[in-house]
Amino acid sequence: VLLGSGLTVLSQPLMYVKVLVQVGYEPLPPTLGRNIFGRQVYQLPGLFAYAKHIVKVDGRAGLFKGLTPRLCSSAIGTVVHSKVLQVPGEWGTHGATHPRGGAVRGGLTPSAGPPRGTLSAFATIYREEGILGFFAGLVPRLLGDILSLWLCNMLAYLINTYALENGVRARGGSRGGWGCLLSPPQVSTMTEMKSYSQAVTGFFASMLTYPFVLVSNLMAVNNCGLAGGLLPYAPTYSSWLDCWSQLHREGNMSRGNSLFFRKVPTGKRYVWE
């Protein structure tokens, strides 16, 4: 828990900028720059320019807005994952911590009214939306977790079965049987390669399921009284499917996935301060 809390504190500035980008809050205008191929394109501010603006407006402490509820969410997720829901994995952990997700993003996104503390955010959500307000955006998040879990298991099985084990069998067959090939050092190497394959499959699964994370975060702040979830920064969505379709039409399905080289999508208009 302590290690996870430390990592949460260190990553808070990055998460702060990432969530603001996801909800479409752009305090700075696009600038003319060059992409990785050298072509001139209009780019939105990257991580460091965004963070510099936050420090200028709110001071260095501004980069740590929303840290308290995020620490609570991280601690609860760690405990639940290790003690209760070890079989379902991340799916169960996300479902258990999602009620705090809305409050976490509520502390991060700009408010249309006075600044809110953690307890005040919980009280406001309950008063305005009832108990269901704590689960806004839960459906796309669970769907993304299920799809990610399935992709990880499928890709890991294919890599381990058809790439790693078949390669060992092929080398073993050329030496008169693969059973005698697996000496302890080779078994250790095989285990390490399988762990690497799990990391690679997890990375690709997270990339493919990122739109579900984006939609979940947008629905968590959709029309909830926060400036980042209201016009002109964000439209009001009738459902998560409506949010998905609008993002798809705008070419914004990967918004916030990269905080560098942020090209302005064609036809998309932003309102900046």
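So, here is what we can say about the structure in this document. For every chain, the first residue of the written sequence is number 1, and numbering continues from 1 onward in sequence order. Only residues with pLDDT of at least 70 are given local features in this predicted model, and only at 80 or more are side-chain atom pairs given and counted; all residues enter the totals for whole chains, interfaces and linings. With hydrogens and water stripped out, all remaining heavy atoms of the structure feed into the side-chain values.

Examining the pattern of salt bridges
Salt bridge, as used here, is a side-chain nitrogen of Lys or Arg placed within 4 Å of a carboxyl oxygen of Asp or Glu. This structure, assessed with the given rule, holds 2 salt bridges. Close ionic contact of Arg 262 with Glu 26 constitutes a salt bridge, the shortest N to O distance being 2.4 Å. Taken together, the positions of Arg 262 in strand E3 (residues 262-263) and Glu 26 in the loop between helix H1 (2-22) and strand E1 (31-34) put the pair 236 residues apart, joining distant regions of the chain. The burial state of Arg 262 is the same as that of Glu 26; both residues are buried. Note on conventions: DSSP H or I runs of at least 4 residues are helices, E runs of at least 2 residues are strands, and numbering of each starts at the N terminus. When accessible area is computed with a 1.4 Å probe and restricted to protein chains, residues below 20% of their type maximum are described as buried, those above 50% as exposed, and intermediate ones as partly exposed.

Remarks on a nonpolar patch on the surface
On the surface, Leu 147, Trp 150, Met 154, Tyr 157, Leu 158 and Tyr 162 cluster together to form a nonpolar patch covering roughly 620 Å² of accessible area. Along the polypeptide, Tyr 157 turns up in helix H6 (residues 138-173). A residue counts toward a patch only above 30% relative accessible area and without a salt bridge, and it is joined to like-charged neighbours within 9 Å or, for Val, Leu, Ile, Met, Phe, Trp and Tyr, to nonpolar neighbours within 5 Å. Under the convention used here, a 1.4 Å probe and the Shrake-Rupley method define accessible areas, while residue burial counts only the protein chains that appear.

Points about the packing of helix H8 (residues 210-220) against helix H9 (residues 240-250)
Here an angle of 0 to 180 degrees is reported between the N-to-C directions of two axes, which are lines fitted to C-alpha atoms, with helices fitted over the stretch in contact. Where H8 contacts H9, the two axes come as close as 10 Å, and the packing angle between them is 120°. Classified by the angle their axes make, H8 and H9 are oblique. Regarding H8 and H9, the two cross each other, and that crossing is right-handed. Note on element contacts: H9 touches H8 through Trp 240, Cys 243, Trp 244 and Leu 247, opposite Pro 211, Phe 212, Leu 214, Val 215, Leu 218 and Met 219. In this classification, the charged set is Asp, Glu, Lys and Arg, the nonpolar set is Ala, Val, Leu, Ile, Met, Phe, Trp, Tyr, Cys and Pro, and all remaining amino acids, among them Gly, are polar. For the contact of H8 with H9, the residue count by class is 10 nonpolar, no polar and no charged. Working rule for angles: under 35 degrees goes down as roughly parallel, over 145 as roughly antiparallel, 65 to 115 as roughly perpendicular, anything else as oblique. Crossing handedness is defined as follows: a turn of the near helix away from the far one that is anticlockwise and smaller than a right angle gives a left-handed crossing, while the clockwise case is right-handed. Contacts: residue pairs with any heavy atoms within 4.5 Å of one another.

Observations concerning the pairing of strand E2 (residues 40-44)
Two elements, E1 and E2, share 4 bridges in a ladder whose sense is antiparallel. The partner of Gly 33 across the bridge, within E2, is Val 41. Where E1 hands over to E2, the hairpin turn is made up of 5 residues, of which Gly 38 adopts a positive phi near 90°. When E2 meets E3, the two strands line up antiparallel, connected through 2 bridges. The partner of Leu 44 across the bridge, within E3, is Arg 262. Whether two strands pair comes down to DSSP finding at least two bridges between them.

Side note on the environment of Cys 72
Following the sequence through the fold, Cys 72 ends up in helix H3 (residues 67-83). Overall, Cys 72 belongs to the partly exposed group, its relative accessible area being 30%.

With respect to H9
Among the residues making up H9, those that are buried are Cys 243, Gln 246 and Leu 247. All buried residues of H9 project into a common sector of 100° when viewed along the axis, lining one side. Away from its buried face, by an angle of more than 90 degrees, H9 presents the exposed residues Leu 241, His 248 and Arg 249. Positioned one or two residues after H9, Gly 251 has a phi angle of 70°, which is positive. By construction, the arc corresponds to the directions joining the helix axis to the C-beta atoms.

Re the sheet that holds E2
Read from one edge to the other, the open sheet built from 3 strands follows the order E1-E2-E3, with strand pairing classed as antiparallel. Only two strands of the sheet have a single partner each, and these edge strands are E1 and E3.

Section: helix H2 (residues 47-58)
For H2, built from 12 residues, the straight-helix expectation of 16 Å at 1.5 Å per residue is met to within 8% by its first-to-last C-alpha distance of 16 Å. Listed as buried for H2 are Leu 47, Tyr 50, Ala 51, His 53 and Ile 54. One side of H2 carries all its buried residues, which in axial view fall inside an arc of 155°. Along H2, exposed side chains directed more than 90 degrees from the buried face belong to Phe 48, Lys 52 and Lys 56. Contacts made by the buried residues of H2 are with H1 and E3. Among the residues trailing H2, Gly 59 stands out with phi positive, at a value near 80°. Expected span of a helix, by definition, is 1.5 Å for each gap between consecutive residues, and there is one gap fewer than residues.

Observations concerning the environment of Leu 247
Mapped onto the fold, Leu 247 is located in helix H9. Taking the relative accessible area as the measure of exposure, Leu 247 reaches 0% and is therefore buried. Considering only alpha carbons, one finds Leu 247 and Leu 214, 33 residues apart in sequence, at a separation of 9.5 Å. Discounting chain neighbours no more than four positions away, the residues touching Leu 247 are Leu 214, Val 215, Leu 218, Asn 252, Met 253 and Arg 255.

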